[in-house]
Amino acid sequence: MKRLTLILAALSLASCSRLPKPAEMTQFEAERKSREGEELKLELPELVKRADDQHAMAVEAHDDKEAELLQHHAHLSWLWWQSASLRRQSRELGESLELVDKEAKQFEAELAEAKKRQKLAQATLKRMEQIIALEGKVTDSQEVGAAKTAIGDALTALKDAQAVDADVHASVNFSAAEAKLKAATDALAKNRAKDAQSFAIEAKAAAEAAKREAEPKYNATEADQAKMARQKALFDKLGEITGVSRQMVEGGVQIAVVEVFSASGGVDMQPMMEATFVKIAEVGKEYADYALVIEAHTDSKGNKSKNLQLSDARSKAVMSFLAQNGIAPDRMTAFGKGSSEPVADNKTKDGRAKNRRIEILFVPSSK
Amino acid sequence: MPSANSTSTARTALGAGLLALLLLGPGRTHAADDGDADARLQKLAVSLKEQNVADTRHAATAELGKAEALRDKARTLIGERREREALARTLDELEGTLSLVGAKIKHAEAKAKLDEAKQKRDALKAELAKVKADADALEKQQAELEKKLGGGK
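These notes cover the structure that comes with them.

**As for the pattern of salt bridges**
All names here are of chain A.
Here comes step 1: Under the criterion given, the structure shown has 44 salt bridges over all chains.
Here comes step 2: Of the charged contacts in the structure, one is a salt bridge between Lys-182 and Asp-186, with a shortest N-O distance of 3.1 Å. One end of the pair is Lys-182 and the other is Asp-186, both in helix H8 (residues 171–189) and four residues apart, which spans about a single turn.
Here comes step 3: Note that Asp-312 and Lys-316 form a salt bridge whose closest N and O atoms lie 3.3 Å from each other. With Asp-312 and Lys-316 both in helix H11 (residues 304–324), this residue pair falls four residues apart, about one helical turn.
Here comes step 4: Owing to a relative accessible area of 31%, Asp-312 belongs among the partly exposed residues under this scheme.

**Description of the packing of aromatic side chains**
All names here are of chain A.
Here comes step 1: All told, the structure shown has two aromatic pairs over all chains when counted by the stated rule.
Here comes step 2: Seen from their ring centres, Phe-28 and Trp-81 are 5.2 Å apart, and the 90° between their planes marks the pair as edge-to-face. A residue pair is termed long-range when its members are at least 10 positions apart, and Phe-28 in helix H2 (residues 23–33) and Trp-81 in helix H5 (residues 67–134) qualify at 53 residues. In this structure, Phe-28 and Trp-81 share a single accessibility class: buried.
Here comes step 3: Directly above the ring of Phe-235 sits Lys-102, whose terminal nitrogen or CZ lies 5.2 Å from the centroid.

**Focus: the sheet that holds strand E1 (residues 245–249) of chain A**
Residues and elements named next belong to chain A.
Here comes step 1: In spatial order, the strands read E1-E2-E5-E3-E4; together these five strands make up an open sheet with mixed pairing. Of all strands in the sheet, those bounded by a partner on one side alone are E1 and strand E4 (332–336). Recorded for the sheet is a direction-independent mean angle of 20° between the axes of neighbouring strands.
Here comes step 2: Pairing between E1 and strand E2 (residues 252–258): five bridges, direction antiparallel. Paired with Val-249 across the strands is Gly-252, a residue of E2.
Here comes step 3: The strands that helix H9 (residues 193–238) touches are E1, E2, strand E3 (290–297) and strand E5 (357–364); relative to E1, the one it contacts most, it runs at about 170°.
Here comes step 4: Its contacts with the sheet put H11 on E3, E4 and E5, and the angle it makes with E4 is roughly 160°.

**Focus on the pairing of E3(A)**
Residues and elements named next belong to chain A.
Here comes step 1: Burial analysis of E3 places six of its eight residues in the buried class, the great majority of the element.
Here comes step 2: Where E3 meets E5, eight bridges bridge the pair, whose relative direction is antiparallel. Paired with Glu-295 across the strands is Glu-359, a residue of E5.
Here comes step 3: Looking at chain direction, E3 and E4 are connected through five bridges and run parallel. Bridging across to E4, Ala-296 finds its partner in Gly-336.

Rules used throughout
Residues numbered from 1 in each chain as written. Chains lettered and ligands numbered in written order. Predicted model: local features only at pLDDT ≥ 70, side-chain atom pairs only at ≥ 80, totals over all residues. Heavy atoms only, no water. Salt bridge = Lys/Arg side-chain N within 4 Å of Asp/Glu carboxyl O. Helix = DSSP H or I, 4+ residues; strand = E, 2+ residues; numbered from the N terminus. Buried < 20%, exposed > 50% of the residue type's maximum accessible area, 1.4 Å probe, protein only. Phe/Tyr/Trp six-rings, centres within 6.5 Å; stacked < 30°, edge-to-face > 60°. Lys NZ or Arg CZ within 6 Å of the ring centre and 35° of its normal. Pairing = 2+ DSSP bridges. Axes fitted to C-alpha atoms, helices over the stretch in contact; angles between N-to-C directions. Contact = heavy atoms within 4.5 Å.

Okay, here's the thing in structure tokens:
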């Protein structure tokens, strides 16, 4: 009898003891609770919902001590969660790729500049060496001295012209200057000092003409490069803001923020989104030479004209928020685009979430 | 204790169920279930085939093997009426596994692209350092010659 009681007690204890949670379930719970987990939910709501649903079933199976079901649902929950995590990592890799590409472009530009310096120095040295080779070959006289000075002047003029890419932007005049300089050194080598001086003067004139012709084109290119460098810095700065996707577009940098507003049909910003827009305003203040074009977009649900009105009100709400955070209103314009410019499939929940967005284009101000 | 209301609801549901059974016949709903499962399996099998082709970097070989085993298991279970629950679970797992396969393939592609871009960037950086050094040396040499010539302006 005593043995029977003991067996029954053991059985009862066994039935009361909880099933251990599978490792996948424990890991999911830890990752899901984290800040990254919450962000992942905002980014990939459908996949995370599937993971959550499976996890809820796993919890139920755990409570009911259904070992097989627990294993099954915990595994499925983990599969969906991993799938979402990897997709997010892929997006982050894509963002890193954009940055690396930009860095590579920057290096390319610097390399082009360095190659230009190298080419200029090589060409100047070659010309100088030709003149130095004449030392000792020609008899010194007043005429030779004058020719040498004229050649020196032409050499300097050619160097100045090449420094503004006259060999590229004013190739005819530049080639003429080079040919005249060679004629001058050849003439001097044959002790024809007067001819040498005359050729050198013509070389200088052609080089100066080449410089005048090339300078405006060269300066325009320089200005473009400076503009691009500033734009790249703005792009990098905007990349530091969480929840903002960005791209370089023709004319500026465009950012997009999804799911900004609290309620469907509302114009109140979600509290957690305010921090994002405060940061955007900070960048906007730092880049005061840029104007901001704000566009609000909706998904395709509901009436088109109502969506247009709603998007317009939302764009104005964002503009007002940025103004309150220090951006001068005259730097901003705001438009509602309704559902007319979707970026994703409106048939899916995920696609609709992507379409409900605020886009801000930072464009160099003409003021 | 069930309330009068819930008892009456239960009776109505039971009546509706019996009526449906009489009207549709007992095999009809099972057949519909089988059709759904069949269509789902077909769709997932097509997706599996596509993922197999897409995995050129062999980023999800293990998962693809698992998915193939799940597909074969589902094919075995599809004719077994008693195994509906097991079939549904197998299809769920196959769907989840294929989602992971897709994510792994995408991830591997993104990583390969990034690695390639990094290599290109690093090569440019190294070339830049070399050309800059060469240009510096040439400019130094030029300055020395200018002194020797009496100075370019």
